[in-house]
Amino acid sequence: MKIPYYPGCTLSTTAKPFDTSARAAAVALGFEMEELKQWNCCGAGFPLTPDNIIGLTAPTKVLANARKEGDTVTTLCSVCYNVLKRTNKVVRDDKEKRRIITDFIEEEYDGSLDVLHFFEVLRDKVGFDKVKAAVKRPLTGIKAGAYYGCMLLRPFEDMGIDNCEAPTVFEDLLEAIGCEPVDFPDKIECCGAHMAMGREDIVEKLSGNVMQSAVGRGAEVIVTSCPLCQYNLEKSQPAMAAGTAGYRPVPIVYFTQLLGYALGQDETTLGFESNAMDVRPLLKEKGV
Amino acid sequence: MPRIGVFVCQCGNNIESTVETKEVAEEMEKLPGVVYTCSYKFMCSSPGQDMFKKAIEENNLDGVVVSACSPHMHEKTFRKASEKAGINPYKCEIANIREQCSWVHPDKTKAVGTAKSVDLTRMVIERLKKNRPLKTINIPVNKRALVIGGGIAGIQAALDIAEGGREVILVEREPSIGGNMAKLSETFPTMDCSQCILTPKMVEAELHDNIKIYTYSEVEKVDGYIGNFSVRIRRKAKYVDEEKCTGCGACWEKCPFKSDSEFEMGLNKRKVIYTPFPQAVPNVPVIDAPNCPKIQKDKCGLCAKVCGPQCIDFEQEDKILTEEVGAIVVATGYQLMPNERFGEYGYGRIKDVISGMQFERLASASGPTGGKIQRPSDGKEPGSVVFIQCVGSRDEAKGVSYCSKVCCMYTAKHTMLYRHKVHDGQAYVFYMDIRSGGKRYEEFVRRAIEHDDAMYLRGRVSRVYERDGKIIVQGADTLSASQVEIEADMVVLATAIVSRTSAATVAKTLGIAYDKHGFYNEYHPKMKPVETVTAGIFLAGTCMGPMDIPESVMMGSASASKILALFSSDEMAREPITAHVNAMTCNACWDCVTACPYTAIDKEEVKDRKGNTVRWQAQVNPGLCQGCGVCVAACRSKAVDLAGYTDEQVYAAINAF
Ligand code: SF4
Ligand code: SF4
């Protein structure tokens, strides 16, 4: 099985390990992520004003190109997923906007694509049972905090991947690979997102809340599905360490990294070394 | 030649400002058959009606047309007056020159309005010439009533009808009557204990000679029409012989198996053979069959051994019985929206986040804690409680669009009950706004705030989670424009009132209308608030929307009084506007049978003298026919006609245009 795959800019640059580990995990599970022949930046943010149609052109272009290669497209980055899925809905449901956008990009597209997140592929197409069965190195004893962030789940009517207030898909996956998922109250709160571009104080506070909430519940590693979350949470660690006595930095990893590891993938594809806090000592400590 | 009178009403200035009524009257005089016309300021006033009657008598009229407002308003008035003046009421017709003319043509020159009024009136005059006198239909009335639902509204309706001297059958699906009210602790705004005011009524209903109560029963099918309903009732197996049972309780004392108590909202367990609460009516236990090992696996059977009068019968089966009644009260009540829908409030995950109804049980002297306010998780007395109002109510995104109406009041009550039992406890209330319209209601809320120090915060809660044994409630206080975080020991959710899961099914069984939320629709929100569109079926209580106890009781009594009025004579007069089938032209295609929304048309066999079937034909049951005319439109052989609206009449009107 080959599935059309949209990596997005970040996964091709700073979040490379997210990309390589996901591709490796796919191979281990018996399918292949086939990168779209042509793609561009999704815009990295869904325009929130209804008349900002220009903001929808970039993602529609991605979708139109993806449509040529199949009827689904899969993404990994929560932000790309959010932008593509919501844009797709606008194009599908709002005929007037569709007309303007397609005129502009000079491509026909009607919203008939199914935009999937890698989670959905694993849950609905592969099945967590199969994932579990394929695990070679179960991550037994690892207390992992599943951090959803805000982009993956909301707005619920548009995304619909899981219950947006009490989601479980992430934990279910972690459980399948042997982890002990840690439920923490801030798991669906925002990390501060693109505020990192100018208001680091806000990011520091919001990411700090997330970290505190997860670590307070005993998380030894925090798992994300968003490069921006990963970046912000890692950045908040020094401040946490400075402010809290006896604070031990916690690795922030992509879920595909742990998944790939559990599936027995070669460490070179997992990119653990590029994380600011190395997760490998923890894995060793737990003997997995 | 007919002798027709035309009465044009000015309706003060409603009609007169855009229609020259005198001119209309004069125009009408020119028509053949019209022998009298006039225009008057208010035809519906009593001088107007006197004039109307006098004109009929003096001019020896045999038909009248009133050009006035919509027939919905005053058709009855003028038909009555005509009857008094000695002509058949169906020889009186209304031409609507207000709603359909003066109000929609505010042309001050009057040309349009006057011309159109002339046309409308002329049409009705021509139609009237073809009118045949009609006689009201009398149908026999079976003077027994059925009440579906044994909550406070149903009990009140049953008691009032029974007191009026009529027999009542009360059907309740639970093992005991009492409904949701039986679960409440104290009631606002008087703080009298709910059970203390309810149980006497339950007992009164049980002991009343005119009331027959079927608990653990459901209405399965309703046939017939007003005055003559036939109702099929399923009496679910209780596995206990009701006649023999003395209610001694030996069985449930000895029963070794337990299950969650529905009555205690899951806060407590009950035995597998049980009565829901100590004052249950009837005081006869039922066996919860799916959880009984004897019934499921033929193990145990202890209750049968200890039962003195030997009334346990594991072989018992559901019984079906049929009751004939003349009227029905629907009082099936409400349920609460599942709190699980609100993941952000942690219900189901955090043990000490409970529903308002669970709080009622905690505060109730007969509840699982004997009335002590204790947290479900560890039994500790909570030092602070956060109450969240409007959970799902007035929330189109996640819940329902309407206001559940009683939560503002019961939350205020909860804060008081809490403070009266935990003197140094602090209650917080998150609200959107306080809706306490009702006698002594606003004062009640003020008392909670001023006297019992409940801290009211206007704003929504975004998230509830646990931290170090405390429940953290994060929310907004929109009055101080700040984010607040409260550490609480317990959280109580005032969840939206919703219709019962079975509401739509029940509505279809009964043939009554319901809205998109599953609440039953009244015939008219102001003028017919307890009637349904199906004659003979009435509503009471929260099955038609959220309401409090006084309102439910009022509706119960109102339905009862309507039914007693209906039962006051042996026969009931019905409007004669019903469909009739022409036996000669009916070709038995049964299109009308499928089309009729009131199932008023039957298939009839026509036999010869020897008793052989010659052919079939459609036959209208005048008791069921509502005169809607759907069959007339459906009949391809034009064999059906509607009395008062015959083809002849309609064509006459059209031709006159
Ligand atoms: S048979 Fe046993 S379990 Fe069933 S009700 Fe009787 S005592 Fe209880
Ligand atoms: S539709 Fe007309 S013809 Fe057909 S059964 Fe009814 S009355 Fe008779």
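Quick notes on the rules
Throughout, a residue's number is its position along its own chain's written sequence, starting from 1. Whichever chain is written first becomes A and whichever ligand is written first becomes 1, with later ones labelled in order. Owing to the predicted nature of the model, reporting of local features is limited to residues with pLDDT of at least 70; listing and counting of side-chain atom pairs is limited to 80 or more, with chain, interface and lining totals taken over all residues. Note: side-chain values were computed over all heavy atoms of the structure, leaving out hydrogens and water. A pair of strands is considered paired only if DSSP assigns at least 2 bridges between the two. Secondary structure elements follow DSSP: runs of H or I no shorter than four residues count as helices, runs of E no shorter than two count as strands, and numbering proceeds from the N terminus. Helix axes use the C-alpha atoms of the stretch in contact, all axes being lines fitted to C-alpha atoms, and the angles between their N-to-C directions lie in the range 0 to 180 degrees. Here, two residues are considered to be in contact whenever any of their heavy atoms come within 4.5 Å of each other. Think of a nonpolar core as a cluster: buried Ala, Val, Leu, Ile, Met, Phe, Trp, Tyr and Cys residues, connected wherever their side-chain atoms sit within 4.5 Å. Exposure categories follow from relative accessible area, calculated using a 1.4 Å probe and restricted to protein chains: below 20% of the type maximum is buried, above 50% is exposed, and the middle band is partly exposed. Planes of paired rings set the category: under 30 degrees apart is stacked, over 60 is edge-to-face and the rest tilted, where pairs are Phe, Tyr or Trp rings (Trp by its six-membered ring) whose centres lie within 6.5 Å. Geometrically, a charge over a ring is one whose NZ (Lys) or CZ (Arg) sits within 6 Å of the ring centre while staying within 35 degrees of the ring normal. Buried area: the accessible surface (1.4 Å probe) lost by two parts on joining, summed over both. When a carboxyl oxygen of Asp or Glu lies within 4 Å of a side-chain nitrogen of Lys or Arg, that pair is called a salt bridge. Here a polar contact means two N or O atoms within 3.5 Å. Within protein one must be a hydrogen donor candidate and the other an acceptor candidate, and residues neighboring in sequence count only if both atoms are side-chain atoms. Note on residue classes: Ala, Val, Leu, Ile, Met, Phe, Trp, Tyr, Cys and Pro are nonpolar, Asp, Glu, Lys and Arg are charged, and everything else, Gly too, is polar.

Structural notes on the sheet that holds strand 4 (residues 92–96) of chain B
Residues and elements named next belong to chain B.
- Strand order across the open sheet formed by four strands is 2-1-3-4, with parallel pairing between neighbours. Of all the strands in the sheet, the pair left with one neighbour each is strand 2 (34–40) and strand 4. Across the sheet, the mean angle from the axis of one strand to that of its neighbour is 15 degrees, orientation sign disregarded.
- Packed on one face of the sheet, helix 1 (residues 21–29) meets strand 1 (4–9) and strand 2 and runs near 180 degrees to strand 2.

Let's talk about the nonpolar core
- Ranked by size, the top nonpolar core spans 141 residues in total, and within it Leu146, Ile328 and Val464 of chain B carry the most contacts.
- When residues of this core are assigned to their parent elements, the largest contribution, eight residues, is made by helix 6 (residues 152–163) of chain B.
- The contact partners of Ile328 of chain B, leaving out residues within four places of it in the chain, are Leu146, Ile148, Val222, Phe229, Val231, Leu510, Gly536, Ile537 and Phe538 of chain B.
- If you look at the next biggest cluster of nonpolar residues, it comprises 93 residues, including Tyr109, Val126, Val182 and Leu258 of chain A.

Comments concerning the packing of aromatic side chains
- If you walk through the whole model with that rule in mind, you get 21 aromatic pairs over all chains.
- When the centroid spacing of 4.3 Å and the interplanar angle of 15 degrees are considered together, the rings of Phe119 of chain A and Phe255 of chain A count as stacked. One end of the pair, Phe119 of chain A, is in helix 6 (residues 118–126); the other, Phe255 of chain A, is in helix 12 (residues 255–262), with 136 residues separating them in the sequence. The same class applies to Phe119 of chain A as to Phe255 of chain A, namely buried.
- An aromatic cluster is present here, built from Phe18, Phe31, Phe118, Phe119, Tyr148, Phe170, Tyr254 and Phe255 of chain A joined pairwise through their rings.
- Seen from the ring of Tyr216 of chain B, Lys236 of chain B lies directly overhead, with NZ or CZ sitting 4.8 Å from the centre.

With respect to the interface of chain B and chain A
- On the chain A side, the residues contacting the eight residues of chain B number eight residues.
- Summed over both sides, the interface of chain B with chain A buries roughly 670 Å², with 41% coming from carbon and sulfur.
- On the chain B side of the contact with chain A, Arg349, Arg463 and Tyr465 of chain B bury the most area, a combined 57% of that side's loss.
- For the pair chain B and chain A, the number of links is four salt bridges.
- Residue Arg349 of chain B is joined to Asp183 of chain A by a salt bridge in which the shortest nitrogen-to-oxygen separation is 4.0 Å.
- For the pair chain B and chain A, the interface holds three residue pairs in polar contact (both at pLDDT 80 or more).
- Counted by class, the side of chain B that touches chain A contains one nonpolar, one polar and six charged residues.

Concerning the environment of Ile202 of chain A
Residue and element names in this part refer to chain A.
- Position of Ile202 among the secondary structure elements: in helix 10 (residues 200–216).
- The class of Ile202 is partly exposed, set by a relative accessible area of 25%.
- For the pair Ile202 and Cys191, spaced eleven residues apart in sequence, the C-alpha to C-alpha distance is 9.0 Å.

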